Amino acid sequence: MTILPFDPALAAVGKNKIDWAGRGMPLLGAIAKRLSQTGSVNGIRIGIALVLEPKTANLALALKTAGADVSVFSASADGPKADVVAALQAEGVTVFAATGGAADDLTMARALLNTAPQILLDDGAFVIRLAHREFPGLVAGMIGAVEQTASGVRPLAEMHKAGQLQLPVLSVNDARLKHIFDNVYGTGQSCVMALLDVTNLQIAGRRVLVIGYGWVGRGVALHCAALGARVTVAELDPIKALQAIHNGHAARSVSDAAPTAEVVFAATGIAGVLTPDHVRLLPDGAILCTAGGGAFELPMDHLRSQGPPRPLRRDIAEYQTGSGKSVLVIAEGHRINHTAAEGNPIEIMDLSLSLQASAAELLALAGRSMSPGIHRLPDTIETALAVQRVQLSGGSIEPMTPELEHAMRRW
Amino acid sequence: MLAHNTDEFRDLVEDGRARIAWVEKHAPVLTGLVRNTLSDGSLKGVRIAVVVHLEAKTAFLASILADAGAEVIVAGSNPRTTHGAVVAALRDRGLTVVSEADGDMATWEKELLLAADHQPHYIIDDGAELTLRMAMHRPELFRQLKGVSEETTTGTARLLAMAAAGNLPFPALTANNARCKHLFDNRYGTGQTTIQAILRLTNRQIAGAPYVVVGYGYVGRGIAEYAKRMGAQTRVIECDPVRALEAHMDGHTVGAARDMLPGASVVVTATGGMRAIGSPEFRFLSTDVVLANAGHHDLEVDVDALGHEALSVSAPRPGIQTYRLGASDIHVLSGGALVNIAGGSGHPVEIMDLTFAVQGLGAHYLVNTKLAPGVHVLPKKIDDSIAAAKLQSMGIHIDQPRQEQQDDVIGLIKGMPQP
């Protein structure tokens, strides 16, 4: 475990980045003002375990400014963000930034939990699960948690089914304002652009296999196709596979698609969706990356067992597949948009992090009376934010009239 | 310049080599057709100046020419786009490189004259930058030039102007006018990478954002098309009525600067001229607008005028300068230089495989063909051979037309009475 020494010069660089992101986050700015006025999170200990970068730093600072006692944990796979860490430290936020892989992540996440947060804002439910395993006393006294991703909501729902979830968890991901935008446009745009930035290759004409056609998979497929790629989707759910076909993509099993796949995006959030057998089918030089979930979707252990990877370029390593061919793994299989780029675009995170802030506010006000389980955010929170965003984009909403209301009720 | 025996230089060389090796891996036309064609010995001892944005793809072209026996002199075509590691790798393998990374306009002018003083026989030029300077500052050496192959729309216009003024005493090939160049490089290459660089430098969202593209040539078309496909609300400013109508038919909103600029979140210039966004346009810009340039000239966004009129200038992020104009913040990417190269990694490798095939085979054609002074286009046969090689490398087979599939022109005019 290494605590980074505070560096004021680095803090200035980080502050610039945070301020730049803040320019594109008017909704979060408005919530920050409201929280400061109402004092609803004042004095509450909030632990943030979101991917630490300039946008999430704006959330941390918004809560801090509103009087919350904020601590942040950042996982090592999410890349070194020393400047953002320093800028947050300068503002009095405690940061536990892991840099040394999985073991260090665990140490740092435990350190976050040792600050006894009353509310946890999590991404992938890593810290929520850790708290349940190792900090039962803490969990018993917590108000609740907020989960950002589908990958995190899935195991939490399983925990709840098994009677193990002790906390009310607000699922930001289940908000339409989150998954329709963040997962599709945010993750879609940023993952595909990160691939192009890292490789300096062209995507027009390339055969791309997208594994998983949830919201993230749809976004990745959409942006690849927009840039001219020929997209094939692999999906367990026949309805989603059929939807992929109607969106102009091909739908095939991974085994069927692998022999011609030049680029593979795993977008499932599920471990082991690409197996060693699949990898052996891929053409020589195929590119592997993940969107939304993480390296656990790829057969990294198998690839590492075939010999040491050869670094070809920054964030590109060549691994042997064991069949005389090689594959190029981007960012060691970690989420490409976070590890090899700056994460989701700012405006998208304004929506998602405004939901996070609203969820934290809701927990602070009413979390103590919520039962353990996965809860959705009230529609009113989402629609209020959507109206603001539409207006900021120069749009307007069709007003409801008594005539329309009447017409809609007729039968 | 670093001493060659230092660790720092060795590290740079290794970095540069890895970058060039990556290009080689994805450049089947250069490694196949072009290498083979150039290996006939006709380039032995020929001095060729390569004056193109000096990054890994250009370095690979220079290497192939050197492998074919040419004496290659390498210079960057813009001081902001020269890559230090690539320069080191080229020097390490014995090429003459006159450019350094992180230069400015003054050092760049000196570098170009240095390149001229190596007395090239031929130039592979970008923007006709070296050709123009040799004509102006090294007239004797200019008269000894045997030919120029030009990369860009801007440079082609400059060469045509020189020819019209009687100032072009040698044949020039406009690589830009080859279909394998402008159909792909200008449209897909610049289109993809300009959007890529804007998004990377700003971390902003494109879906739903109002994007203005100034100029609707091949470059402008590519940018507008990619932006639209990624969800932007695209607007086009274009002075040519035919192109403006084309932009309208392509689904973009078309109009004058005063109507298109207000409310835009990103403005991309792609006219190939200067001051597309100049002082008269500044007042139409909304606060927080991002200005980026995809054209050859660094003054397409008039950063000089912005500097004069701004109350203050700040640098919020790498590659972004923010000018405070009245109550508005105007963000300029990469100092107004070509954003996809100065603020990104340049064109995709596969695109430059085509463009540099045109340049490499163009140089070979210039050396081996007697051409009259003036501006020429690469013969269609060579152009076609590049596309055929690319298709072949991807395992794509196409049909040959059969005689009976063609319009029977002869039959139609046979027996036609003479008017």
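About the criteria used
Residues numbered from 1 in each chain as written. Chains lettered and ligands numbered in written order. Predicted model: local features only at pLDDT ≥ 70, side-chain atom pairs only at ≥ 80, totals over all residues. Helix = DSSP H or I, 4+ residues; strand = E, 2+ residues; numbered from the N terminus. Rg over C-alpha atoms; globule rule 2.2 N^0.38 Å. Buried ≥ 20, exposed ≤ 12 C-beta atoms within 10 Å, placed from the backbone. Contact = placed C-beta atoms within 7 Å. Axes fitted to C-alpha atoms, helices over the stretch in contact; angles between N-to-C directions. Parallel < 35°, antiparallel > 145°, perpendicular 65-115°, else oblique. Left-handed = near helix turned anticlockwise from the far one by under 90°. Nonpolar A, V, L, I, M, F, W, Y, C, P; charged D, E, K, R; others polar. Expected span 1.5 Å × (residues − 1). Pairing = 2+ DSSP bridges. Right-handed = clockwise from strand over helix to strand, strands pointing away. Core = buried A, V, L, I, M, F, W, Y, C linked by C-beta atoms within 7 Å. pLDDT = per-residue confidence, 0-100.

The next point concerns the overall build of chain B. Scanning chain B from terminus to terminus reveals 18 helices and 15 strands. For 419 residues, the compact-globule estimate of 2.2 N^0.38 gives 22 Å, and the C-alpha radius of gyration of chain B, at 22 Å, lies within 12% of that figure. With the principal axes as the frame, chain B shows a C-alpha extent of 75 × 65 × 45 Å. In chain B, which comprises 419 residues, the proportion classed as buried is 55%. In chain B, of all internal contacts separated by at least 6 residues, the share reaching a separation of at least 24 is 72%.

Along its length, chain A carries 18 helices and 15 strands. Whereas a compact globule of 411 residues would reach a radius of gyration of roughly 22 Å, chain A reaches 22 Å, a difference of no more than 12%. Seen through its principal axes, chain A has C-alpha atoms that stretch 65 × 65 × 45 Å. For chain A, with 411 residues in total, the buried portion stands at 56%. For chain A, restricting intrachain contacts to residue pairs at least 6 apart in sequence, the fraction spanning at least 24 positions comes to 72%.

Phi angles above zero are rare outside glycine, and A:Glu332 is one such case at about 55°. Here A:Glu332 is to be found in the loop between strand 14 (326-330) and helix 15 (336-339). On the basis of neighbour counts, which here come to 18 C-beta atoms within 10 Å, the residue A:Glu332 falls in the partly exposed class. For B:Asp102, which is not a glycine, the phi torsion comes out positive at approximately 60°. Structurally, B:Asp102 can be placed in the loop between strand 3 (96-97) and helix 5 (105-117). The class for B:Asp102 is exposed, based on 9 C-beta atoms found within 10 Å.

Turning to its location among the elements, B:Ala256 is positioned in the loop between strand 9 (253-254) and helix 12 (257-260). By C-beta crowding, B:Ala256 is classed as exposed, having 12 other C-beta atoms within 10 Å.

As a further point, take the packing of helix 9 (residues 179-202) of chain B against helix 10 (residues 218-229) of chain B. Packed helix pairs are specified by the crossing angle of their axes together with the interaxial distance, meaning the distance between the axes. Residues and elements named next belong to chain B. Following both chains from N to C, one finds helix 9 and helix 10 inclined at 45°, their axes separated by 7 Å at the closest point. As judged from the angle between their axes, helix 9 and helix 10 are oblique. The interaxial crossing formed by helix 9 with helix 10 has right-handed handedness. Contacts between helix 9 and helix 10 involve His-182, Asn-186, Arg-187, Tyr-188, Thr-190, Gly-191, Gln-192, Thr-194 and Ile-195 from the first element and Tyr-218, Val-219, Arg-221, Gly-222, Ile-223, Glu-225, Tyr-226 and Ala-227 from the second. Its residues assigned to classes, the contact of helix 9 with helix 10 comprises seven nonpolar, seven polar and three charged.

This part takes up helix 1 (residues 7-25) of chain B. For helix 1 of chain B, with 19 residues, the first-to-last C-alpha span of 27 Å sits near the 27 Å given by 1.5 Å per residue. Within helix 1 of chain B, the full set of buried residues consists of B:Leu12, B:Val13, B:Gly16, B:Arg19, B:Ile20, B:Trp22 and B:Val23. Looking at the packing, one finds that the buried side of helix 1 of chain B touches strand 12 (310-313) of chain A together with helix 3 (56-67), helix 4 (84-92) and helix 16 (349-368) of chain B.

Turning our eyes to something else, we now look at the interface of chain A and chain B. Every contact between the two is made by 28 residues of chain A and, on the other side, 27 residues of chain B. Secondary structure elements with two or more residues in the side of chain A that touches chain B: helix 1 (8-23), helix 9 (176-199), helix 10 (215-226), strand 12 and helix 16 (346-366) of chain A. Residue composition of the side of chain A that touches chain B, grouped by class: 13 nonpolar, eight polar and seven charged.

Further remarks concern the packing of helix 1 of chain A against helix 3 (residues 54-65) of chain A. Residues and elements named next belong to chain A. Packing of helix 1 against helix 3 brings their axes to within 8 Å, and their N-to-C directions diverge by 85°. Classified by the angle between their axes, helix 1 and helix 3 sit roughly perpendicular to one another. The segment helix 1 lies against helix 3, with Lys-17, Ile-18, Trp-20, Ala-21 and Gly-22 engaging Pro-54, Lys-55, Ala-57 and Asn-58. Split into classes, the residues belonging to the contact of helix 1 with helix 3 amount to five nonpolar, two polar and two charged.

Two pairing modes exist for strands in a sheet, parallel and antiparallel, and in both the strands are linked by backbone hydrogen bonds. Residues and elements named next belong to chain A. Taking strand neighbours across the sheet as the criterion, the seven strands line up as 3-2-1-4-5-6-15 in an open arrangement whose pairing is parallel. Edge positions in the open sheet fall to strand 3 (94-97) and strand 15 (373-376), since each of these has one partner strand only. Neighbour to neighbour, the strand axes of the sheet diverge by 20° on average, direction disregarded.

Moving on, we come to the pairing of strand 5 (residues 144-147) of chain A. All names here are of chain A. The two faces of strand 5 match: Gly-144 and Val-146 on one face and Ala-145 and Glu-147 on the other face are all buried. The pairing of strand 5 with strand 6 (residues 168-171) spans three bridges and is classified as parallel. Within the sheet, the bridge partner assigned to Glu-147 lies in strand 6 and is Ser-171. The handedness of the strand 5 to strand 6 crossover, carried by helix 8 (residues 150-161), is right-handed.

Our focus in this paragraph is the nonpolar core. With 276 residues, the main nonpolar core has A:Phe265 and B:Leu65 as its most contacted residues. A total of 12 residues in this core trace back to one element, the largest contributor, which is helix 16 of chain A. Setting aside its immediate chain neighbours within four residues, B:Leu65 contacts B:Leu43, B:Ile48, B:Val50, B:Ala70, B:Val72, B:Gly360 and B:Ala363.

As a further point, take the sheet that holds strand 7 (residues 207-211) of chain A. Residues and elements named next belong to chain A. A sheet is described by the order of its strands in space; here eight strands give the open sequence 9-8-7-10-11-14-13-12, paired in mixed fashion. Each edge of the sheet is formed by a strand with only one pairing partner; in this case those strands are strand 9 (250-251) and strand 12. Bridge analysis of strand 8 (residues 230-234) against strand 9 gives two bridges, and the strand direction is parallel. Residue pairing for strand 9: Thr-232 is matched across the bridge by Ala-250.

Turning to the environment of B:Gly41, a few remarks are in order. All names here are of chain B. Tracing the chain through its elements places Gly-41 in the loop between helix 2 (28-38) and strand 1 (47-51). C-beta crowding within 10 Å serves as the criterion here: with 9 such atoms nearby, Gly-41 is assigned to the exposed category. A sequence separation of 21 residues divides Gly-41 from Ala-62, and the C-alpha atoms of the two residues are 16 Å apart.

Residues and elements named next belong to chain B. Taking 1.5 Å per residue, 12 residues should reach 16 Å; helix 8 (residues 153-164) reaches 16 Å between its end C-alpha atoms and fits that length. All of the buried residues in helix 8 are Thr-153, Thr-154, Gly-155, Thr-156, Leu-159 and Met-162. On its buried side, helix 8 packs onto strand 4 (122-125), helix 6 (129-137), strand 5 (147-150), strand 6 (171-174) and strand 15 (374-376). Positive phi shows up at Gly-166, right after helix 8, with a value of about 75°.

What follows covers the confidence of the model for chain B. Summing up the model confidence of chain B, the mean pLDDT is 94 and the portion of residues at 70 or higher is 100%. Across the whole predicted complex the pTM is 0.88, and at the interface the ipTM reaches 0.84.

All names here are of chain A. With burial as the criterion, each face of strand 6 is covered, one bearing Pro-168 and Leu-170 and the other bearing Val-169 and Ser-171. In this structure, strand 6 lies alongside strand 15, joined through four bridges in parallel fashion. Within the sheet, the bridge partner assigned to Leu-170 lies in strand 15 and is His-375.

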